[in-house]
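A look at the structure
Listed below are the residues making up each chain.
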Amino acid sequence: MQGGARGDFNPRPPFQRSSMQTPPPPTLTPNSIIRAAPAPWWHRQRKALLLKRRYADQFEKSGNAKVAKQLRLCSESEHLVACTSCGGSWWVLYRCGLRCCPICSWREAKKRQEYLAQICKQLGKPKHIVLTIPRWMGEGPEGIKCLRDAIAKLRRRELFKNCRGGALTIEVLPKPDGWHIHAHLLVDAPYMPWKQLQNEWSDIIGVKDPHVSIQAAECDAARRYVAKYAGKSIVAEVGDPAIVRWFEAIKGKRMWGTFGAWFNFKLVEQPRNDGKPCFVPGCLLCGAQKTVVPAESLPNILGKGWRDWCTGALSKMDWSRPLPEVISFLSREEP
Ligand SMILES: [Zn+2]
Ligand SMILES: [Zn+2]
């Protein structure tokens, strides 16, 4: 716990308040620059946190209390985790991991963008293709299937004969009159005339002059740009009124993936040279691997007698606690 929120609990000494003089501007020395702590993450993610709360309200209204609760707790509470090997426990920031969560989906998007950037880096002739279908009036999931099937057909056409594969992301946005559905393809393919691509797409989806675009992305900056663009999160764009409908439509659907030569491409972890581990190597206390579980799953894992097993914080049976600094920051007026 550090940063701005602390100020609430530590009122300034009175002599500072009564002083009418303007204090001289602080001199920035290399030391004071180092000491200036960056704003805590909840300051930077205020908008996303507030949107998350509004989305939670929408799920509550629609009768999905479970998702509403997960969204409310996400990033605003800590959960106790326990190691089933040594019995130790500690608190971690709770993340819901839901696709409809503005915070979690943004974090997922960062990983996806990095993954796509690594693929793009290695494509010989990278092309970014956007394929759109007209406003979809039917159910969302059918629209997604229709787009997927059409892309599969396109990939079998002569135009794609020299395409070595790549990655694909699908974006679905609810509109008042239906769904806006399109796909981004990052492919390794030689020159592809736009008109020919449009003709093929038109023929497959049975629509005259559909919206398609193709751009080459050969320099490093362009590769990074298209990876970022194709991998972005659209959760914030969905908006409060449509979030429940959108979440239902994408349920169980894979919205991105790789194909051809890039099918199942694995990211090789970049070794870090700052000496810090980039992931928690199993249990913080005993070092055992794959033994750390959320405390609430202990009864299921341990079965009968699980209570006898609980010591320390675990035995309080209170396995979730709010993060007061985040909650008080969010209840304040817009800074
Ligand atoms: Zn979340
Ligand atoms: Zn342990």
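The following refers to the structure shown. No experiment lies behind these values; they were computed from the predicted model shown.

The subject of this paragraph is the overall build of the chain. The helix and strand inventory of the chain stands at 14 helices and nine strands. With 335 residues in all, the chain has 25% of them scored as buried. A separation of at least 24 residues holds for 73% of the contacts in the chain among residues at least 6 apart in sequence.

Let us now look at the sheet that holds strand β4 (residues 165-175). Spatially, β6-β3-β5-β4-β7 is the arrangement adopted by the five strands of the open sheet, whose pairing is antiparallel. On the outer flanks of this sheet lie β6 (212-216) and β7 (256-260), each paired with one strand and no other. Across the sheet, the mean angle from the axis of one strand to that of its neighbour is 20°, orientation sign disregarded. With ten bridges joining them, β4 and strand β5 (residues 178-188) adopt antiparallel strand pairing. Bridge assignment links E171 to a residue of β5, and that residue is H182. Against the sheet, helix α8 (residues 194-205) makes contact with β3 (126-136) and β6, and its axis sits at roughly 145° relative to β6, the strand it touches most.

Another aspect to go through is helix α11 (residues 243-250). Among all positions in α11, only I243, V244, W246 and F247 are buried. Looking down the long axis of α11, one finds its buried residues gathered within 165° of arc, a one-sided arrangement. Those residues of α11 hidden inside the fold are in contact with α4 (46-61), β4 and α10 (235-238). Downstream of α11 by a residue or two, G252 has a phi angle that is positive, lying close to 70°.

Below, the discussion takes up the packing of helix α7 (residues 140-155) against α8. α8 packs onto α7 with a crossing angle of 130° between their chain directions and a minimal axis gap of 10 Å. In terms of orientation, α7 lies oblique with respect to α8. Note that α7 runs across α8; the crossing there is right-handed. In this structure, α7 uses A150, K153 and L154 to contact α8, whose residues at the interface are E200, W201, I204 and I205. A breakdown of the residues in the contact of α7 with α8 according to their chemical character gives five nonpolar, no polar and two charged.

This paragraph deals with the nonpolar core. Core analysis: the largest hydrophobic core is formed by 53 residues, its most contacted members being L71, L116, C120 and L186. Those residues within four positions of L71 in sequence are excluded, and the remaining contacts are K52, Y55, A56, F59, C96, L98 and C101. Counting residues in each nonpolar core, the second largest holds nine residues, with V81, C283, A295 and W319 among its members.

In this fold, L197 is placed in helix α8. You can call L197 buried: it has 20 C-beta atoms within 10 Å. Residues L197 and L159, 38 residues apart in the sequence, show an inter-C-alpha distance of 7.5 Å. Excluding anything up to four places from it in sequence, L197 contacts L159, M192, V212 and I214.

Our focus in this paragraph is unusual backbone geometry. With a phi close to 65°, S75 is a non-glycine residue in the positive phi region. When you line up the elements, S75 lands in the loop between α5 (65-73) and β1 (77-83). In the Ramachandran plot, M317 falls in the positive-phi region, its phi being about 60° despite a non-glycine side chain. With respect to the secondary-structure elements, M317 resides in the loop between α13 (306-309) and β9 (320-322). By C-beta crowding, M317 is classed as exposed, having 11 other C-beta atoms within 10 Å.

One can describe the packing of α4 onto helix α6 (residues 102-122) by two numbers: an axis separation of 8 Å at closest approach and a directional angle of 125°. Classified by the interaxial angle, the pair formed by α4 and α6 is oblique. Side by side, α4 and α6 meet where A48, L49, L51, K52 and Y55 of the first sit next to P102, I103 and W106 of the second. Split into classes, the residues belonging to the contact of α4 with α6 amount to seven nonpolar, no polar and one charged.

Each value, and the rule that gives it
Residues numbered from 1 in each chain as written. Chains lettered and ligands numbered in written order. Predicted model: local features only at pLDDT ≥ 70, side-chain atom pairs only at ≥ 80, totals over all residues. Helix = DSSP H or I, 4+ residues; strand = E, 2+ residues; numbered from the N terminus. Buried ≥ 20, exposed ≤ 12 C-beta atoms within 10 Å, placed from the backbone. Contact = placed C-beta atoms within 7 Å. Pairing = 2+ DSSP bridges. Axes fitted to C-alpha atoms, helices over the stretch in contact; angles between N-to-C directions. Arc of directions from axis to C-beta. Parallel < 35°, antiparallel > 145°, perpendicular 65-115°, else oblique. Left-handed = near helix turned anticlockwise from the far one by under 90°. Nonpolar A, V, L, I, M, F, W, Y, C, P; charged D, E, K, R; others polar. Core = buried A, V, L, I, M, F, W, Y, C linked by C-beta atoms within 7 Å.

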